[in-house]
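So the chains spell out like this:
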Amino acid sequence: IDIGDRGDRHVWLAGLIKYWNELAFFYPYFEYGLCDWDAELPLALARVLRCQDFAQYKQALLLLMSQTRDGHAFLSDQSHNPQMPRFNTTPVEGKWVVSKVLDPSLDLPAGSRVTKINGQNFARLMRQNRSYFIMGNPVTTDLKLFSRYLKTYPDSVATFEFITPDGRKITRTVPFSEYEGWKWVTPDARIVNYPGGIVYINPNAITEAELKEAMPDLVAARGIILDLRFYLRISTALLGNLLTAPDSLANTLIKRYIRPGEELPRLNEDEPTWGVEPAEPHISAKVVALCGRQSQSYCEMYLDVLKHNRRATLVGQPSAGANGNVIITDLPGDLQAYWTGMLVRQADKSRFQGVGISPDILVETTLDDIVQGRDPVLEKAL
C-alpha cells in the first residue's frame, strides 16, 4: 500500500487508527472525562467507511479530534489555505460581526453583521462547521471558528454580504492574502509611551532586539502594560527583570503510561516549571497584563508566572485554557495532527484545560465598542 495515496480507503483507516491509538496512550486530559474515547473509535471508523473522498475523510478526523476539547488540536494539510481575507469576524451579542478590518480599501465598517458568504447564509454555515473545530471552551471555539473554517476553504477570494451598523446592505468581493494573527487581536503598535511614565509593550509584535532597546524606558517607567492577548515573540528574559524572587510556579506534569489508562507514578509534581530567576536590570514599575480567550499556550504560561508571583494585575477575559507542549503526529496521506502532550494545571493543581487563567479585572467588549473602534481592555489597563 502507498501510504501517501489519498484515494485509498486503507490509508484513511490507517490514519484514523494511528491518531486514535496515540491519544489513547498519551493524551493527558482524558482524566477529566472529556469523552468516552473507546466508544468514539467505532463511531469514527464507521464515518470513515462511509467517506467518498479524502475531503470527507478529513472531516471525519476533525470530528474525532473535536472530542478531545484540545485548544491545540489542529489537522495540518499542505493543501490548506494559508491566506485570509483582510477582516475578521466574531460572534458578539448573538450576531456574527466584523471585529477588525486591516484593509481600508474594503470600505467595510467595523461592527457590520456578516449575512452571507458566496450566497450562503453565514450564521448557518458557521453552525454547520462548528462541530469540526471544537476548542476547550465555547468562547475560544467561536473566536477561532471563522479562521479555522477558512483554512479548508478551496479558493483565494470570496464574496461577502453585510449589514452595516447604520443599516445599509453592502457586498464585497474580497481577495485573500497573507496575514498575521496578532493584528486581529491587539493594536498595531509595538511600543507606546503614554503620559505619566506609562509604557505599553506589545510582545506579540516586537522582537527581542526592540525590547532590549526599550529597556531603559521600562526601568524608568512608573507603569507598564504588557499586551498578552495573542502569542509572544519574546523570550522569558523579561520575566527575570520583573521578579524579585525566584519563580515558584509548578503547574506542569509529564504523564507516563505503561498501557492505555494505566499511568505510572507521577514524578516531580512540585518542581517549578520555568523557575525563572531574578535578573538585572530590575524593573520596579507596576505591571498590568492584558489577557483574553486568544491568549494561549506560551502566552498563558507567561500570564500564569506573572499572576502566581504577584507581579502583575491581569485585565481582560479568561485565557484559552490550552497550554502545554504540542505533539505532532504524522499520518498517512501526508497529514499532521497536532495535540497537547503535557498536562498543565492551575497552581493549586485544579483543572486548567478549557478553563484558563482568570483575570483580576474582568472587561467585556461590546458591539458598540467594536463599532466605535474602542479597546475597553486597554482603556481599563490605563
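Note on numbering: residues in each chain are counted from 1, in written sequence order. Reporting in this predicted model follows two pLDDT cut-offs: at least 70 for local features of residues, and 80 or more for side-chain atom pairs to be given and counted; totals over whole chains, interfaces and linings ignore these cut-offs and use all residues. To obtain the side-chain values, all non-hydrogen atoms of the structure were used and water was disregarded.

Topic: the packing of aromatic side chains
How two aromatic rings sit relative to each other is given by the distance of their centres and the angle of their planes.
Right, so step 1: Between the rings of Phe, Tyr and Trp (Trp by its six-membered ring), a pair exists once the centres lie within 6.5 Å; its type follows the angle of the planes, with under 30 degrees stacked, over 60 edge-to-face, and the other angles tilted. Counted according to the given criterion, the structure contains 25 aromatic pairs.
Right, so step 2: Relative to Tyr 338, the ring of Phe 74 lies with its centre 6.0 Å away and its plane at 75 degrees, an arrangement referred to as edge-to-face. Taken together, the positions of Phe 74 in strand β1 (residues 74-77) and Tyr 338 in strand β17 (residues 335-340) put the pair 264 residues apart, joining distant regions of the chain.
Right, so step 3: Its relative accessible area of 23% is what places Tyr 338 among the partly exposed residues. Helix and strand labels come from DSSP, where a helix needs a run of H or I of at least four residues and a strand needs a run of E of at least two; each type is numbered from the N terminus. Burial classes: relative accessible area under 20% of the type maximum marks a residue as buried, over 50% as exposed, and values in between as partly exposed (1.4 Å probe, protein chains only).

Comments concerning the packing of helix α2 (residues 37-50) against helix α3 (residues 54-66)
Right, so step 1: As a packed pair, α2 and α3 sit with axes 9 Å apart at the nearest point and diverge in direction by 170 degrees. Relative to α3, the element α2 is oriented roughly antiparallel. Residues Trp 37, Glu 40, Ala 44, Arg 47, Val 48 and Arg 50 of α2 lie in contact with α3, whose contacting residues are Gln 56, Tyr 57, Ala 60, Leu 63 and Leu 64.
Right, so step 2: Residues were grouped as follows: Ala, Val, Leu, Ile, Met, Phe, Trp, Tyr, Cys and Pro as nonpolar; Asp, Glu, Lys and Arg as charged; and all remaining residues, including Gly, as polar. Residues of the contact of α2 with α3, tallied by class, amount to seven nonpolar, one polar and three charged. Note on definitions: angles span 0 to 180 degrees between N-to-C directions of axes, and those axes are lines fitted to C-alpha atoms, for helices only across the stretch in contact. For classification purposes, angles smaller than 35 degrees are called roughly parallel, those larger than 145 roughly antiparallel, those between 65 and 115 roughly perpendicular, and all remaining angles oblique. The contact rule is simple, with two residues in contact once any of their heavy atoms fall within 4.5 Å.

Some remarks on helix α8 (residues 298-308)
Right, so step 1: Most of α8 is tucked away: nine of the 11 residues are buried.
Right, so step 2: Regarding α8, the residues found buried are Tyr 298, Cys 299, Glu 300, Met 301, Tyr 302, Leu 303, Asp 304, Val 305 and Leu 306.
Right, so step 3: Structurally, α8 contributes buried residues whose contacts are with β10 (223-227), α7 (237-242), β14 (286-291) and β15 (313-316).
Right, so step 4: After α8 finishes, the residue Arg 310 shows a positive phi value of roughly 55 degrees.

Topic: the pattern of salt bridges
Right, so step 1: Within this document, salt bridges are pairs made up of a side-chain nitrogen of Lys or Arg and a carboxyl oxygen of Asp or Glu, the two lying within 4 Å of each other. Taken as a whole and judged by the stated rule, the model has 18 salt bridges.
Right, so step 2: Across the pair Asp 107 and Arg 172 runs a salt bridge whose closest N-O atoms are separated by 3.7 Å. With Asp 107 in the loop between β3 (95-101) and β4 (113-117) and Arg 172 in strand β7 (residues 169-175), the pair connects residues that are 65 residues apart, well separated along the chain.
Right, so step 3: Residue Glu 180 pairs with Lys 183 through a salt bridge whose shortest N-O separation is 3.4 Å.
Right, so step 4: Taking the relative accessible area as the measure of exposure, Glu 180 reaches 32% and is therefore partly exposed.
Right, so step 5: Using a relative accessible area of 24% as the deciding quantity, one classes Lys 183 as partly exposed.
Right, so step 6: One continuous salt-bridge network, built from bridges that share partners, spans Glu 31, Lys 255, Glu 263 and Arg 266.

Points about the state of the cysteines
One covalent bond between the sulfur atoms of two cysteine residues makes up a disulfide.
Right, so step 1: Pairs of cysteine sulfur atoms within 2.5 Å are what we label disulfides. The final tally for this structure, using the stated rule, is zero disulfides.
Right, so step 2: Of all cysteine sulfurs in the structure, the one in Cys 35 sits closest to Cys 51, which takes part in no disulfide; the separation is 19 Å.
Right, so step 3: Left without a disulfide partner, Cys 291 is nearest to the cysteine sulfur of Cys 299, which lies 8.6 Å away.
Right, so step 4: The exposure class of Cys 291 is buried, given its relative accessible area of 1%.

A word on unusual backbone geometry
Right, so step 1: For the peptide bond that leads from Glu 280 to Pro 281, omega is 0 degrees, which places it in the cis range.
Right, so step 2: Checked against the element boundaries, Pro 281 lands in the loop between β13 (262-263) and β14.
Right, so step 3: In this structure, Asn 118 is a non-glycine residue whose phi angle is positive, near 50 degrees.
Right, so step 4: The class for Asn 118 is partly exposed, based on a relative accessible area of 37%.
Right, so step 5: Backbone geometry at Asn 268 places phi at a positive 55 degrees, although glycine is not the residue there.
Right, so step 6: Summarising the element assignment, Asn 268 is placed in the loop between β13 and β14.
Right, so step 7: Judged by its relative accessible area of 55%, Asn 268 falls in the exposed class.

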